[in-house]
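Coordinates in review
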Amino acid sequence: MIEKRIDELIEILNKANYEYHVLDSPTITDQEYDSYLRELITLEEEHPDLKRPNSPTVRVGGEVIKEFNKVTHEIPMLSLSNVFNEDEIRLFDERVKKEVPHPKYVCELKIDGLSVSLIYENGKLVRAATRGDGVTGEDITHNVKTIKSVPLKIKEDIDIEVRGEIYMSKYSFNKINEERLSKGQEPLANPRNAAAGSVRQLDSKIAAKRNLDCFIYHLPDASRYGIKTHMEALNYMKSLGFVVSDNNRRVENIDELLEFIDYWTTNRDSLPYEIDGIVIKVDDLADQRKLGYTVRTPRWATAYKFPASLVFTHLKDIIFTVGRTGQVTPNALLDPVIVMGSKVSRATLHNEENILKKDIRIGDVVSIIKAGDVIPEVTSVNKERRTGKEVVFKMIENCPICHTKLVKDDASYYCVNPLCDRKKIEGLIHFVSRHAMNIEGFGQRIIEDFYNMGYIKDVVDFYHLDKYKKELMELEGFGSKSINNLLTSIENSKNNSLERLLFGLGIRHVGSKMAKTLAKTYKNLDNLMNASFDELVKINDVGDVIARSVVDYFSDQDNLEMIDKLKSLNINMSYLDNSKNSEILRGKTFVVTGTLNGYTRDEIKEEIESRGGIVTNSVSSKTDVLVVGENPGSKYDKAKALNITIWDIDKLKESLGD
Ligand code: IVH
């Protein structure tokens, strides 16, 4: 009896939720809704064993987790390439047309939030995860369940993964900030940060109060549902009960596409949420497959980013920062202004030449530009607003930290003192950073503090930090858990592939991409250290400057001693081939037929499986790709009849990364 009533209430409330949050047309009043909800809460409190996972009471939050579990995305969550103007849009279109002569596109608003993967099993929401690095994200199910536009149960009892964007409406954002200001709290910088901060709460009650929303825009495994175009996928997801934007539009040609962009460039302010551009996707899924992927982004889609907005403010002072290479950069201290939703109080002035060319003076009214995630920049001076009191800029002659005389190289000035504290601290910050050794838990401030306290003076000291465990426990803000996490993260970094260490060492002109090239070419650090200048310049992309810099770095006695110490700490110095996790093959089912020059069947199987693909023996509708060699058998005909993607050996080799 009670059980039946609970199920009835769940059905009424879920239907009401759907009508209100998805269809935007409620059929019961708020009072009725509240009274049903209160009845359900009471029944569930009295009979906790009857609480259902799809009960709308989870929307009010309450589940508290201890930490965020990591989850692996079976199909990686990719990002999008960017285009910034009409020429670049046309270039994208031309590239598409090389593979697909007559593409049709779907244009969508680029919602400024954070992407989410939602997994349903048997029609019920079982997992929600952030994108993370694309392969590994974090489980945020407890918070996503509080978002009323995310269905807890969909209209068919199927297994499905959909992806979309969690965002905060302008209205909720303003309301929260008014509340924070009235309590004397710092306002949240912009709706995107507010949304991201909300889903990263351990206590789901907080997320529930933030009034988040969600648009769904991607069905990763669409062909599984017999779907042929992206527009069909959007309609299908809508029919399942997801909120899919009504503003998505299929366009016939590039002119219609540009019209869509023009319209939203002018009208974006009228939307109740923030968008930062327009996403352009090839509609036909077979065309999408033909175009394929780069490592990080699909070739069948791109994001047009709206131009950055200009904002004017006062330049109060010019201060200097020293980077890890010793480069001294002038920075503008500004009267704080909001640019594209973020508060900006500092902007780069690049170098002396730039300041003199633009005649930027202290006290000037200047314009600031901020595009996407890049550092804000001072672009020009409003000379009409000068009062005569402005102070002409003069470059400093000595390092602001160690006072060593600066040396000019090209347009920049450098502190050449290898013992300069700031350079050393910046070098340490770089060593732990995400693309270098990726040691989690070290903010800039912590490194600065540990350096000043003498715990970490060079990169070797990271690996001896456990010596100070007792002292660290006494520091404010550190508990045994955070220290243990930090030490584990340091220990784990010993197993990184060589390119991370190479980039982390901060060899001049060796960025993360070059580090990868060198690691891949030389396989281990000893080989690279023995490489001569002449050998190095023979490598693609390595010019004189890089080769010289690498040779110099490994001729320096101090560097060699440091590397010896790192070796004796058992830090991995070899290249670990993680292209074996190729994103193209992961999760796909392959069948191989015919003789394949240069490979045995077993070798092929091993290569595909080591990259996350599955190899089976017979072709069926579940087969994703048939790899065809010479003299293929009946499998070939069957695959053709089933419209299955067919690869020859060259296409396979390319996908294997060979
Ligand atoms: S499609 C492979 N569609 O923009 C498909 N992304 O800059 C990848 N975003 O990571 C995503 N609105 O977080 C897509 N309508 C939309 C979007 C959208 C916002 C976000 C998403 C993505 C980022 C890329």
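One structure accompanies this document, and this report is about it. Starting afresh in each chain, residues are numbered from 1 along the sequence in its written order. In keeping with the model being predicted, local features are shown solely for residues with a pLDDT of at least 70 and side-chain atom pairs are shown and tallied solely at 80 or more, while totals for entire chains, interfaces and linings include all residues. Processing note: side-chain calculations cover all non-hydrogen atoms of the structure and skip hydrogens and water entirely.

**Brief notes about the overall build of the protein chain**
- Strands here mean DSSP runs of E at least two residues long; helices mean DSSP runs of H or I at least four residues long; both are numbered from the N terminus. Scanning the protein chain for helices and strands turns up 25 helices and 22 strands.
- Throughout, radius of gyration means the C-alpha value; the globule benchmark is 2.2 Å times the number of residues raised to the power 0.38. Compactness check: the protein chain gives a C-alpha radius of gyration of 28 Å against a globular reference of 26 Å for 658 residues, within 12% of the reference.
- C-alpha atoms of the protein chain, sized along the principal axes, occupy 80 × 75 × 60 Å.
- Summary of the burial criterion: residues with accessible area below 20% of their type's maximum are buried, those above 50% are exposed, and those between are partly exposed, where the area comes from a 1.4 Å probe applied to protein chains only. Classification of the 658 residues of the protein chain by burial places 46% in the buried group.
- The contact criterion used is simple: two residues touch if any of their non-hydrogen atoms lie within 4.5 Å. Sequence-distant contacts in the protein chain: of pairs separated by 6 or more residues, those separated by 24 or more amount to 66%.

**Some points on the site of the ligand**
- For this description, a residue counts as near a given molecule or strand if any of its non-hydrogen atoms is within 4 Å of it. Taken together, the neighbourhood of the ligand is formed by 14 residues, with Glu 108, Ile 111, Glu 165, Tyr 217 and Lys 281 sitting nearest.
- Pairs of N or O atoms are called polar contacts if they sit within 3.5 Å, as long as, within protein, a hydrogen donor faces a hydrogen acceptor (for residues adjacent in sequence, only side-chain-to-side-chain pairs). In the model, an oxygen atom of the ligand is placed 3.3 Å from a nitrogen or oxygen of the Lys 110 side chain.
- Against a free-state accessible area of 530 Å², the protein chains account for coverage of 89% of the ligand.
- Of all elements in the fold, only β3 (105-111) and β10 (275-282) reach the threshold of two or more residues within the shell around the ligand.
- The element that contributes the greatest number of residues to the shell around the ligand is β3, accounting for 4 residues. Note on areas: these come from Shrake-Rupley sampling with a 1.4 Å probe, and a residue is covered only by the protein chains present in the view.

**Some words on the pairing of strand β5 (residues 124-130)**
- Taken across its 7 residues, β5 has 5 buried, putting it largely inside the fold.
- A pair of strands is treated as paired once DSSP finds two or more bridges between them. Relative to β5, strand β4 (residues 114-121) is paired through 6 bridges, and the arrangement is antiparallel. Across the sheet, the residue bridging to Ile 119 is Arg 127, located in β5.
- Hairpin connection, β4 to β5: the antiparallel pair is bridged by 2 residues, and Asn 122 has positive phi, about 55°.

**Focus on the pattern of salt bridges**
- The working definition used for a salt bridge is a side-chain nitrogen of Lys or Arg within 4 Å of a carboxyl oxygen of Asp or Glu. This model, assessed by the stated rule, comprises 31 salt bridges.
- In this structure, Asp 276 and Lys 110 form a salt bridge, with 3.4 Å as the shortest nitrogen-oxygen distance. Placement of the pair is Asp 276 in strand β10 and Lys 110 in strand β3, with a sequence separation of 166 residues. Assigned by exposure class, Asp 276 and Lys 110 land together as buried.
- Linking Arg 386 and Asp 364 is a salt bridge whose minimum nitrogen-to-oxygen distance equals 2.8 Å.

**Concerning the packing of aromatic side chains**
- Pairs were defined over the aromatic rings of Phe, Tyr and Trp, the Trp ring being its six-membered one, requiring ring centres within 6.5 Å. Orientation was assigned from the angle between planes: stacked under 30 degrees, edge-to-face over 60, tilted for the rest. By the definition in use, this model includes 19 aromatic pairs.
- Summarising the aromatic geometry, the rings of Phe 431 and Phe 462 are spaced 5.7 Å apart at their centres and angled 15° between planes, so their arrangement reads as stacked. Here Phe 431 is found in helix α12 (residues 421-432), whereas its partner Phe 462 is found in helix α14 (residues 459-462), with 31 residues between them in sequence. With respect to burial, Phe 431 and Phe 462 carry one shared label: buried.
- Among the aromatic residues, those joined into a cluster by ring pairs are Phe 431, Phe 442, Phe 450, Tyr 455, Phe 462, Tyr 463, Tyr 468 and Phe 478.
- Its guanidinium or amino end placed over the ring of Tyr 451, Lys 457 lies 4.0 Å from that ring's centre, counting from NZ or CZ.
- By definition here, charges over rings are those cases where NZ of Lys or CZ of Arg is within 6 Å of the ring centre and within 35 degrees of the ring normal. The aromatic ring of Trp 647 is capped on one face by Lys 651, whose charged end is 5.3 Å from the ring centroid.

**Brief notes about the packing of helix α3 (residues 86-99) against helix α9 (residues 254-267)**
- What counts as an axis is a line fitted to C-alpha atoms, over the stretch in contact for a helix, and the angles between N-to-C directions run from 0 to 180 degrees. Relative orientation of the contacting elements α3 and α9 amounts to 140°, with a least axis distance of 11 Å. One finds that α3 runs oblique with respect to α9. Between α3 and α9 lies a crossing of right-handed hand. Packed against α3, whose contacting residues are Glu 86, Ile 89, Arg 90 and Asp 93, the element α9 presents Ile 254, Asp 255, Leu 257, Leu 258 and Ile 261 at the interface. Every angle not falling under 35 degrees, over 145, or within 65 to 115 is termed oblique; those three ranges are roughly parallel, roughly antiparallel and roughly perpendicular. Left-handed is the label given to a crossing in which the near helix is rotated counterclockwise from the far helix by less than a right angle, and right-handed is the label when the rotation is clockwise.

**Notes on helix α6 (residues 191-199)**
- Where α6 is concerned, the buried positions are Pro 191, Ala 194, Ala 195, Ser 198 and Val 199. Across the axial projection of α6, the buried residues extend over an arc of 125°, all falling on one side.
- Of the surrounding secondary structure, the elements contacted by the buried residues of α6 are β4, α4 (141-144), β7 (160-168), α5 (170-182), α7 (204-209) and β8 (212-218). The arc refers to the directions leading from the helix axis to the C-beta atoms.

**Remarks on the packing of α12 against helix α13 (residues 444-452)**
- α13 packs onto α12 with a crossing angle of 130° between their chain directions and a minimal axis gap of 10 Å. Judged on the interaxial angle alone, α13 and α12 are oblique. Judged by the twist between their axes, the crossing of α12 over α13 is right-handed. Judged by residue contacts, Asp 421, Arg 422, Lys 424, Ile 425, Glu 426, Leu 428, Ile 429 and Val 432 of α12 engage Gln 444, Ile 447, Glu 448 and Tyr 451 from α13.

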